[in-house]
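Understanding the architecture of this molecule
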Amino acid sequence: MADKLKFAFYWNASCGGCEVAVLDIHEKILDVAAIADILMWPVAMDFKEEDVEALPDQHIDVAFINGGIRNSENKKMSQLLRQKSKYVVAFGACANFGGIPALANFHHKESIFDRVYSETPSTVNPEGVWPQEITEVPEGELSLPTFFNTVYMLAEVVDVDYYLPGCPPPPDLILAAVEAIASGNLPPRGTVIAGEKSVCHSCDRVKEEKKVTGFRRIHEVIPDPERCFLEQGIICAGSVTRDGCGTRCLNVDMPCRGCFGAPEGVIDQGAQLLSTLTTLLDTDDLEEVRSIIGSIPDLSGYLYRFTLSDSLMKRRIVAELKDKEVASH
Amino acid sequence: MSERRIGVYVCHCGTNISKTVDVEDVAKYSQGLDGVVVSKDYKYMCSQPGQELIQKDIKEHGLDGVVVAACSPRMHEPTFQRAARNAGLNPYLVEMVNIREQCSWVTDDRALATAKAKRLTSSGIAKARLNRALETDFTAITPRALVVGGGIAGIEAALKIAASGYEVVLVEKEGTIGGQMAKFDKTFPTLDCSACILTPKMVEVVQHPKIELMTYSEVQRVDGYVGSFEVTIEKKPRDVDLNLCTGCGDCTEKCPASVLSEFDEGLSMRKSISTAFAQAIPNAPVLDRESCWYYTGKAKCQVCARVCQANAITFDNEPEIVKEQFGVIVVATGFDILRPEEGNQWGYGKYPDVFNGLQFERMSNASGPTDGLLVTSQGKEPEAVAVLHCIGSRDENYREYCSRTCCMASLKFAHLVKEKTNAEVYEFYIDMRSFGKGYEEFYNRIQEEGINFIRGKGAEVTKKGEKLVVRGEDQQLGVIREVPVDMVILNTALQAREDAAKIAETFSLQQGQDGWFMELHAKLAPGKTAVEGVFLAGTCQGPRDIPDTVAHAGGAAADALRLMAAGQQEMSPVSAYVVEEYCTGCKVCISLCPYDAISFDEDGKVAVITTALCKGCGACVASCPTNAMHLRHFEDEQILAQIEGVFAG
């Protein structure tokens with residue numbers, strides 16, 4: 001079938017959940033298979049870099065790329081797929097905003113390696129061996145990709161045509177994207193395939209007076225399933241998160257974690273969430289505000305759970321870090 | 001490269017800025033920044049030649065942006081906006097950078113101050129590149145004033161406004177106007193009788209054709225905005241018809257129920273149906289339901305109604321709610337005195353001969369509980385009297401501020417004691433503050449009357465036998481003094497009324513740390529508030545004596561008159577607006593708005609801003625989770641540019 005579309009799926013720094021999400025469309029995968037050939041899908045099929053390199057430019061119709069850009073291989077493969085594809089879709093929270101891997105931007109390469117290869121209780125590494133980019137062995141030279149100090153979102157290394165957020169993206173949005181491509185009925189470049197307003201817009205919970213005296217975590221309380229989480233003092237990122245997920249977490253009594261990123265108009269999801277939380281506090285006493293906000297465990301991680309690469313600060317600034325790669329972006 | 005044509009003007013502020021900031025260097029540095037076509041420094045930018053310098057450049061260089069690096073925008077932003085407007089430039093294309101308070105006044109380090117001034121100026125230029133021209137709107141002013149509070153401040157304001165030909169409604173929550181001043185005996189420094197000054201003015205109020213007096217009434221709610229306030233006033237049921245009552249006093253005489261008199265500060269009893277004092281305006285009693293036998297169910301009674309020949313008294317009347325339209329509002333709700341709590345070190349509330357200042361005023365007043373006689377609780381003339389200054393004032397355990405009236409009032413008390421008795425008088429004072437006109441002379445006069453001045457705060461009052469003993473450090477002798485007296489007068493602090501927070505909420509006023517209502521600017525706008533069209537008169541804004549209160553009230557009246565005479569008010573375009581597509585209707589902003597400017601559209605499920613009420617504070621903008629709230633002149637891209645400008649500098 002000569003008219004079939006050509007898709008590629010690729011993963012960068014990711015957990016594999018986005019790959020599973022593709023399968024979450026269940027039997028509809030057959031419909032996808034009916035309209036498209038999959039030219040690359042590392043999780044399911046064995047394709048080599050050389051195979052992609054051999055393709056003519058723009059040969060692939062759509063590349064769905066998930067994961068953040070953690071190392072030089074992620075960057076190189078993304079650039080290669082960009083070159084070979086008509087459209088690139090940033091697939092999932094990590095590709096869209098850095099996602100969970102980008103929380104490592106509160107650290108840097110050295111401190112991460114130190115933690116992983118030396119400090120963790122399960123590590124025994126008395127000689128302090130760390131992975132090296134180049135290792136000489138009798139057979140020749142072995143190489144590993146360069147580990148960046150900073151995790152980037154996909155749009156920082158290639159031009160992205162469409163954004164499909166979520167951790168992972170929900171099946172209905174994946175199908176909507178595929179259908180739009182199949183029908184040729186494409187939205188303007190740069191469109192986020194999701195809602196525009198915030199999750200609150202779709203959330204059915206009763207919203208009344210938003211005034212709280214402190215915050216608790218979801219496992220510490222039995223929440224009222226009918227009432228706004230924030231009003232119960234439970235941090236919910238719904239108010240600063242783009243709509244379109246179908247309030248999946250809220251439906252099962254879990255507060256929103258923010259995986260769709262900021263809604264249209266919001267510049268920095270984490271800063272906006274912090275601003276919202278402080279607004280809720282029923283006090284004018286600055287010290288009290290400080291103490292309540294300070295009591296939230298891993299506050300920065302909470303605020304920027306999915307969007308550190310997409311934030312104004314992008315990463316923790318480490319004064320002594322003189323990294324050319326940071327400067328180059 | 002920006003296409004904007006920006007002029008930068010760095011002010012020396014005499015030497016205020018230039019002594020610490022290298023202003024020429026800042027001007028030179030700015031010259032090189034994107035969009036800047038001209039950059040200058042000048043000794044006084046706010047002076048006429050300074051303003052003309054800017055105006056000339058606007059025309060010659062075709063500027064579409066002006067950055068003035070000088071003092072605080074609160075100080076001179078209006079000045080430079082006016083100058084720009086007069087030169088044909090939209091005033092909102094002017095950006096102020098504060099290199100005085102934020103640079104030269106916070107350090108002596110010239111290098112650092114100059115570096116900071118450059119960064120801030122760079123930031124201001126970045127904002128100026130994105131500033132947009134904004135158009136101002138006008139709102140009409142209803143030529144009718146509401147004055148709240150019938151003390152001397154409210155009376156003065158009402159009379160001034162009415163005398164200028166405008167209608168005034170004066171609302172007073174008690175049964176009569178007069179306020180605290182009606183309780184006083186004599187006034188300092190002239191020692192003329194308080195009532196002699198006050199009561200003619202009270203009469204003038206009730207007789208003035210332009211003034212409508214609503215006593216025993218309270219403002220419940222204020223809607224609308226400058227020029228068209230809609231005010232809901234509750235007329236509490238007085239049970240005495242003011243149109244019928246002749247003020248004969250028969251009802252009071254026959255009323256069988258009595259309680260402690262608030263007007264006499266608890267030193268006498270009053271009837272349940274009574275008039276606060278002889279010259280009350282209106283001259284008609286109020287039936288106090290709290291103590292009335294009929295209302296408390298003690299008896300059917302109704303004696304008052306039966307003896308009333310005018311048939312003015314009826315029972316079980318409902319409160320009347322009226323809605324009135326006003327263009328301006330003057331708040332003159334006054335002060336209260338501090339009454340030391342139980343267990344206080346001065347024995348107040350414990351020993352019957354320890355009085356507060358108002359109690360002394362009542363006692364000394366010829367129409368007071370003792371007909372003006374100064375006697376102890378034993379009915380005897382005191383042999384010695386102590387007057388204690390600064391009780392609860394200048395005291396970090398109570399009120400940090402100076403109450404401004406007590407020093408002179410204390411001297412007055414000493415004089416009255418001397419005049420009326422043969423008692424020795426001891427004044428315990430920390431500092432003698434006699435700052436007003438004629439006050440130092442008054443102090444000198446009292447000093448010649450044989451008063452014992454002890455420099456040191458009266459720290460404790462105890463009882464030894466028949467005598468009260470005042471203990472305090474005599475700082476001049478360096479000894480602890482214990483002075484036995486028969487009567488102690490505590491000149492306690494003036495403080496914000498207990499219901500000040502409620503009043504603040506009703507009128508959207510702000511309160512300072514001490515509870516006094518906040519003026520817009522201590523020096524430039526002492527009678528204005530952050531709410532356009534709402535003014536402050538008298539002690540609700542801070543402690544004041546009578547001359548200052550009357551002057552302040554006159555100022556508030558002038559502010560109110562200015563608006564009504566102009567007939568319209570320019571509205572600042574720096575206000576918030578809603579981007580409806582982003583609004584999710586979460587309502588966070590509504591409860592945060594200090595000016596009640598945001599309402600909720602139930603159909604569209606979005607927030608709606610009443611622009612005329614919005615003061616552009618930005619609380620809603622900061623709180624909005626979805627960034628649906630924006631503030632003109634402080635748009636995100638403008639603020640982000642400012643931040644970038646700081647780092648670029």
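Residues numbered from 1 in each chain as written. Chains lettered and ligands numbered in written order. Predicted model: local features only at pLDDT ≥ 70, side-chain atom pairs only at ≥ 80, totals over all residues. Heavy atoms only, no water.

**Overview of the environment of A:Leu154**
Residue and element names in this part refer to chain A. Examined against the element boundaries, Leu154 turns out to sit in the loop between β8 (147-152) and β9 (162-164). Using a relative accessible area of 0% as the deciding quantity, one classes Leu154 as buried. As for Leu154 and Arg315, which are separated by 161 residues in sequence, their C-alpha atoms are 16 Å apart. Among all residues touching Leu154, those that are not within four sequence positions of it are Asn12, Ile65, Ile69, Ser78, Val88, Ala90, Ala95 and Val160. (Helix = DSSP H or I, 4+ residues; strand = E, 2+ residues; numbered from the N terminus. Buried < 20%, exposed > 50% of the residue type's maximum accessible area, 1.4 Å probe, protein only. Contact = heavy atoms within 4.5 Å.)

**Regarding the interface of chain B and chain A**
Listed as interface residues are 17 residues of chain B and, on the opposing side, 19 residues of chain A. Taken over both partners, the interface formed by chain B and chain A buries close to 1500 Å², and the fraction arising from carbon and sulfur atoms is 58%. The largest share of the area that chain B buries against chain A comes from B:Tyr582, B:Thr584 and B:Pro625, three residues that together contribute 31% of it. Inspection of the region where chain B meets chain A yields zero salt bridges. For the pair chain B and chain A, the number of links is four residue pairs in polar contact (both at pLDDT 80 or more). Considering each element in turn, the side of chain B that touches chain A owes the most residues, three residues, to helix α16 (residues 588-592) of chain B. Here the side of chain B that touches chain A is composed, by residue class, of nine nonpolar, five polar and three charged. (Buried area = accessible area lost by both parts, 1.4 Å probe. Salt bridge = Lys/Arg side-chain N within 4 Å of Asp/Glu carboxyl O. Polar contact = N/O pair within 3.5 Å; in protein donor to acceptor, adjacent residues only side chain to side chain. Nonpolar A, V, L, I, M, F, W, Y, C, P; charged D, E, K, R; others polar.)

**Some details on the pairing of strand β18 (residues 328-331) of chain B**
Residue and element names in this part refer to chain B. Because side chains alternate across β18, one face comprises the buried residues Val328 and Val330, and the other comprises Ile329 and Val331, equally buried. Of the strand pairs in this sheet, strand β6 (residues 144-148) and β18 are connected by four bridges, and their pairing is parallel. Within the sheet, the bridge partner assigned to Val147 lies in β18 and is Val330. With three bridges joining them, β18 and strand β29 (residues 534-536) adopt parallel strand pairing. (Pairing = 2+ DSSP bridges.)

**Quick word on helix α15 (residues 546-566) of chain B**
Residue and element names in this part refer to chain B. With 21 residues, α15 should reach 30 Å at 1.5 Å per residue; the first-to-last C-alpha distance of 30 Å fits that figure. Turning to α15, its buried residues are Thr549, His552, Ala553, Gly554, Ala556, Ala557, Asp559, Ala560, Leu561, Leu563 and Met564. At its buried positions, α15 is contacted by β6, α6 (152-163), β18, β29 and β30 (568-571). For α15, the side-chain oxygen to backbone nitrogen distance between the N-cap and Asp548 is 3.1 Å, and the N-cap itself is Asp545. Positive backbone phi, at 80°, marks Gly567, one or two positions downstream of α15. (Expected span 1.5 Å × (residues − 1).)

**So, the state of the cysteines**
Residue and element names in this part refer to chain B. Throughout the structure, instances matching the rule amount to one disulfide over all chains. Between the sulfur atoms of Cys193 and its disulfide mate Cys196 the distance is 2.2 Å. Taking the torsion about the sulfur-sulfur bond, which here is approximately 95°, the covalent link between Cys193 and Cys196 counts as right-handed. On the basis of relative accessible area, Cys193 is assigned to the partly exposed category, the value being 23%. Of all cysteine sulfurs in the structure, the one in Cys407 sits closest to Cys402, which takes part in no disulfide; the separation is 6.4 Å. Judged by its relative accessible area of 23%, Cys402 falls in the partly exposed class. (Disulfide = S-S within 2.5 Å.)

**Brief notes about the domain arrangement of chain B**
All names here are of chain B. Annotation of chain B at the domain level lists domain 1 (6-134), domain 2 (137-236 + 319-334 + 497-569), domain 3 (250-307), domain 4 (337-495) and domain 5 (576-632). Look at where the C-alpha atoms of domain 2 and domain 5 centre, and you get two points 31 Å apart. Counting the surface lost from both domain 2 and domain 5, the interface buries some 580 Å², and carbon and sulfur atoms represent 53% of this. Counting the surface domain 2 buries against domain 5, the share from its top three residues, Tyr225, Ser508 and Ala530, is 62%. A salt bridge links Lys615 to Glu532, with the shortest nitrogen-to-oxygen separation between them at 3.6 Å. At the junction of domain 2 with domain 5, the criterion picks out one residue pair in polar contact (both at pLDDT 80 or more). Its residues assigned to classes, the side of domain 2 that touches domain 5 comprises three nonpolar, three polar and one charged. (Domains from an automatic or database assignment.)

**Details of the domain arrangement of chain A**
Note on interface size: it is often stated as the accessible area lost on association of the parts. Residues and elements named next belong to chain A. Its domain assignment divides chain A into domain 1 (5-101 + 150-183), domain 2 (110-148) and domain 3 (199-297). The distance between the C-alpha centroids of domain 1 and domain 3 comes to 31 Å. When the buried surface of domain 1 facing domain 3 is broken down by residue, Phe97, Pro165 and Pro170 rank first, second and third, together holding 48% of it. Seen at the junction of domain 1 and domain 3, the total is two residue pairs in polar contact (both at pLDDT 80 or more).

**Some details on a nonpolar patch on the surface**
A surface patch of nonpolar side chains, about 430 Å² in accessible area, is lined by A:Ile267, A:Leu312, A:Met313 and A:Ile317. Looking at the element boundaries, A:Ile267 is found in the loop between α8 (248-251) and α9 (269-280). (Patch = residues over 30% accessible without salt bridge, like charges linked within 9 Å, V, L, I, M, F, W, Y side chains within 5 Å. Areas by Shrake-Rupley, 256 points an atom, 1.4 Å probe, with all protein chains shown as cover.)

**Digging into the environment of B:Leu640**
Note that B:Leu640 resides in helix α18 (residues 636-648). Of the residues examined, B:Leu640 reaches a relative accessible area of 25% and is grouped as partly exposed. Considering only alpha carbons, one finds B:Leu640 and B:Lys127, 513 residues apart in sequence, at a separation of 8.5 Å. With residues near it in sequence (within four places) discarded, B:Leu640 still touches A:Ile267 and A:Leu312.

**Section: the sheet that holds strand β21 (residues 384-391) of chain B**
Residues and elements named next belong to chain B. Read across the open sheet, the five strands follow the order β20-β27-β21-β22-β23; overall the sheet is parallel. Each end of this open sheet is capped by a strand with a single partner; those strands are β20 (354-356) and β23 (452-455). In this sheet, adjacent strand axes meet at a mean angle of 20° when their direction is disregarded. With respect to the sheet, helix α11 (residues 357-364) is in contact with β20 and β27 (487-492), its orientation differing from that of β20 by roughly 95°. (Axes fitted to C-alpha atoms, helices over the stretch in contact; angles between N-to-C directions.)

**Side note on the packing of aromatic side chains**
Residues and elements named next belong to chain A. Scanning all chains against the criterion turns up 21 aromatic pairs over all chains. Between Phe64 and Phe91, the aromatic rings sit 6.0 Å apart at their centres with planes inclined by 90°, giving edge-to-face as the arrangement. Taken together, the positions of Phe64 in strand β3 (residues 60-66) and Phe91 in strand β5 (residues 85-91) put the pair 27 residues apart, joining distant regions of the chain. Ring-pair connections join several aromatic residues into one group, and the members of that group are Phe7, Phe9, Trp41, Phe64 and Phe91. Over the face of the ring belonging to Phe113 we find Lys109, whose NZ or CZ atom lies 5.8 Å from the ring centre. (Phe/Tyr/Trp six-rings, centres within 6.5 Å; stacked < 30°, edge-to-face > 60°. Lys NZ or Arg CZ within 6 Å of the ring centre and 35° of its normal.)

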